[in-house]
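Structural characterization, general
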Amino acid sequence: MSSTWLVTGATSGFGRLVTERALASGTHVIAVGRRRDRLQDLLRRAPQGALTAVELDLTDADAETVLADTVRAAGRLDVLINNAGYGLFGAIEDIGADEARAVLDTNVLANLAVLRATLPALRAARGRVVQTSSLIGQFAWPSSGLYAASKGAVELISEALTHELAPTGVKVTIIEPGTFGTEFGANLRVVPPTDAYAPTVGKFLADFSALPPEAFGDPNAVADAVMTVAALDEPPLRLAVGADAVEHIRASLRSRLEELERWESLSLKGEVRAA
């Protein structure tokens, strides 16, 4: 019996590439996306009966029910690629409540809704969960605070989930891509900085927008990594993909460790006073 995968954000970027690879391997794919035209394009290209297209905004109130019903109709689910999300960049102070709520609704709460809808079937199949994070799920740049917060939430949700699911045989992997040449930049919401943040947020955004095309990696590398970890009997909890992701995450972890060690004595004194 062929396996069944569910891919959110399946119509563009990493999700599209993974969907195409899974279909090519003979997998049945439940492709979830908001763009009807792109879902129809996937259907035209897929082998007959291999793709179930679900046009859905994952922030809709009934999204969890729709997905759960779709999985039940499929009869099984072996792999979840929880990939949907979007970017919001700007200074913390400059981002309004509605914009902040929107990115957290999409990147965190919708991610949770997908998990709730799919985990019963994944447990039955002893399946795999792949959560798409980012290199800035591990740290934050100027302007990335809200987006990094949403991906940091996905990281910690996934870390807890891997412990909670350990007895069931379901494995969880967090993919942390660096900067790759996808449609992410075109769909990115950027809040222009006010004068107070021009030297920090403004400079960072200007420098980032000036990066040449060769600074962005081939997104096929991320799709390849997803396909690899989904097939591993013992996949990693976290996988940084791209030289920049490895470099920046390593530097962030070193900085945090150095700070911990530098202030360890003060931290311990605080524990003594509290006792």
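As shown above, the structure is provided for reference.
Residues numbered from 1 in each chain as written. Predicted model: local features only at pLDDT ≥ 70, side-chain atom pairs only at ≥ 80, totals over all residues. Heavy atoms only, no water.

Before going further, it helps to examine the sheet that holds strand 9 (residues 238-241). The strand order across the open sheet built from seven strands is 3-2-1-4-6-7-9, with neighbouring strands paired in parallel fashion. The sheet is open, and its two borders are formed by strand 3 (51-55) and strand 9, each paired with just one other strand. Neighbouring strand axes in the sheet, compared pairwise and without regard to direction, differ in orientation by 15° on average. Bridge count for strand 6 (residues 128-132) against strand 7 (residues 171-177) is five bridges, and the pairing is parallel. Each bridged residue has a counterpart across the sheet, and for Gln131 the counterpart in strand 7 is Ile174. The strands that helix 1 (residues 13-24) touches are strand 1 (4-8), strand 2 (28-33), strand 3, strand 4 (79-82) and strand 7; relative to strand 1, the one it contacts most, it runs at about 165°. Strands in contact with helix 3 (residues 63-74) are strand 1, strand 2 and strand 3; relative to strand 2, the strand with the most contacts, it is inclined by about 165°. (Pairing = 2+ DSSP bridges. Helix = DSSP H or I, 4+ residues; strand = E, 2+ residues; numbered from the N terminus. Axes fitted to C-alpha atoms, helices over the stretch in contact; angles between N-to-C directions. Contact = heavy atoms within 4.5 Å.)

By the element assignment, Val170 lies in the loop between helix 5 (145-164) and strand 7. On the basis of relative accessibility, which here comes to 2%, the residue Val170 falls in the buried class. Through-space distance from the C-alpha of Val170 to that of Val129 is 7.3 Å; in sequence the pair is 41 residues apart. Once you skip the residues sitting within four places of it in the chain, Val170 turns out to touch Leu122, Arg123, Arg126, Gly127, Val129 and Leu165. (Buried < 20%, exposed > 50% of the residue type's maximum accessible area, 1.4 Å probe, protein only.)

Relative to each other, helix 1 and helix 2 (residues 36-45) sit at 20°, their axes nearing to 11 Å. Here helix 2 runs roughly parallel to helix 1, going by the angle between their axes. Crossing angle aside, the handedness with which helix 1 passes helix 2 is right-handed. On helix 2, the residues touching Arg16, Thr19 and Glu20 of helix 1 are Arg38, Asp41, Leu42 and Arg45. Residue composition of the contact of helix 1 with helix 2, by class: one nonpolar, one polar and five charged. (Parallel < 35°, antiparallel > 145°, perpendicular 65-115°, else oblique. Left-handed = near helix turned anticlockwise from the far one by under 90°. Nonpolar A, V, L, I, M, F, W, Y, C, P; charged D, E, K, R; others polar.)

In terms of burial, strand 6 is a largely internal element, five of the five residues being buried. Here strand 6 shows two buried faces, one formed by Arg128, Val130 and Thr132 and the other by Val129 and Gln131. Where strand 4 meets strand 6, four bridges bridge the pair, whose relative direction is parallel. Directly across from Ile81, in strand 6, lies its bridge partner Val130.

Glancing now at empty space enclosed by the protein. Taken as a whole, this structure holds one cavity of 30 Å³ or more when the rule is applied. Taken as a whole, the largest cavity spans an internal volume of roughly 40 Å³. As for the largest cavity, its lining consists of Phe14, Gly15, Val18, Ile81, Asn83, Thr132, Ile175, Val222 and Val226. Breaking the lining of the largest cavity down by element, the ones donating at least two residues are helix 1 and helix 7 (220-231). (1 Å grid on protein atoms, 1.4 Å probe; cavity = no way out; pocket = protein on both sides within 12 Å on 5 of 7 lines; lining within 4 Å. Points joined across faces, edges and corners; volume = space filled by probe spheres on them.)

Residues separated by three or four positions in an α-helix point in the same direction, a consequence of the helix having 3.6 residues per turn. Inspection of helix 2 places Leu39, Asp41 and Leu42 among the buried residues, and these make up the whole buried set. All buried residues of helix 2 fall inside an arc of 155° around its axis, so they share one side. Looking at helix 2, the residues exposed on the side facing more than 90 degrees away from the buried face are Arg36 and Arg44. Looking at the buried side of helix 2, the elements it contacts are helix 1, strand 2 and strand 3. (Arc of directions from axis to C-beta.)

What follows covers the packing of aromatic side chains. Counting across every chain of the model gives six aromatic pairs. Ring geometry for Phe89 and Tyr147: centres 5.8 Å apart, planes at 40°, overall tilted. On the criterion of sequence distance, the pair formed by Phe89 in strand 5 (residues 88-89) and Tyr147 in helix 5 is long-range, its members being 58 residues apart. Residue classification places Tyr147 among the buried residues on the basis of a relative accessible area of 7%. Note on Trp141 and Phe204: the rings are 5.4 Å apart at their centroids and 35° apart in plane angle, and the pair reads as tilted. Taken together, the residues span a long stretch of sequence, with Trp141 in the loop between strand 6 and helix 5 and Phe204 in helix 6 (residues 198-209) at a distance of 63 residues. Linked through ring pairs, Phe139, Trp141, Phe204, Phe208 and Phe216 together constitute an aromatic cluster. (Phe/Tyr/Trp six-rings, centres within 6.5 Å; stacked < 30°, edge-to-face > 60°.)

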